[in-house]
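Secondary and tertiary structure notes
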Amino acid sequence: MIKVSDHAKEKAIQLMTEDGFKPFEDYIRVGVKSGGCSGLEYVLKFDNEKTDADQVFEDNGIKIIIDKKSILYLAGTTLEYSGGLNGKGFIFNNPNANRTCGCGESFSL
């Protein structure tokens, strides 16, 4: 469903630990909501609870929670991490996106 690159895994473990989460027990919650310059924007946060509306996936030792309404938008996505000069942070490499904004935080289908 969602892949996690090795670099994203390393950074997620580091950041989750710094924020008091347990990287191999807790989750990265990802989703999509209306907004951004391209119409839809990505949501990412650490979480230690899941709801009935969530689906859990695991890749590369990282547990990912996605709410059911976001699954179709994120199918096949790879979560990556960039620490380059153009900004640092998690990046969604989404094959379903027809257009993305310059910052990479929003997209359209």
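Heads up: these notes are all about the structure in this document. (Residues numbered from 1 in each chain as written. Predicted model: local features only at pLDDT ≥ 70, side-chain atom pairs only at ≥ 80, totals over all residues. Heavy atoms only, no water.)

Right, let's get into the pattern of salt bridges. Proximity of charged atoms lets side chains of opposite charge pair with each other. Tallied over the entire structure, the rule returns 3 salt bridges. A salt bridge links Asp47 to Arg29; the nearest nitrogen and oxygen atoms lie 2.8 Å apart. With Asp47 in strand S3 (residues 40-47) and Arg29 in strand S2 (residues 27-34), the pair connects residues that are 18 residues apart, well separated along the chain. Residues Asp47 and Arg29 agree in their burial class; the two are buried. Across the pair Arg29 and Asp54 runs a salt bridge whose closest N-O atoms are separated by 2.9 Å. Here Asp54 lies in strand S4 (residues 54-59) and Arg29 lies in strand S2, a separation of 25 residues in the sequence. By relative accessible area, which is 15% here, Arg29 ends up buried. For Asp54, a relative accessible area of 10% puts it in the buried group. (Salt bridge = Lys/Arg side-chain N within 4 Å of Asp/Glu carboxyl O. Helix = DSSP H or I, 4+ residues; strand = E, 2+ residues; numbered from the N terminus. Buried < 20%, exposed > 50% of the residue type's maximum accessible area, 1.4 Å probe, protein only.)

With that settled, consider the pairing of strand S5 (residues 62-67). Counting buried positions over the 6 residues of S5 gives 5, a clear majority of the element. Sheet topology places S2 next to S5; 4 bridges connect them, and they run parallel. For Tyr27, the partnering residue across the bridge sits in S5 and is Lys63. Here S4 pairs with S5 via 6 bridges, running antiparallel. For Val56, the partnering residue across the bridge sits in S5 and is Ile65. (Pairing = 2+ DSSP bridges.)

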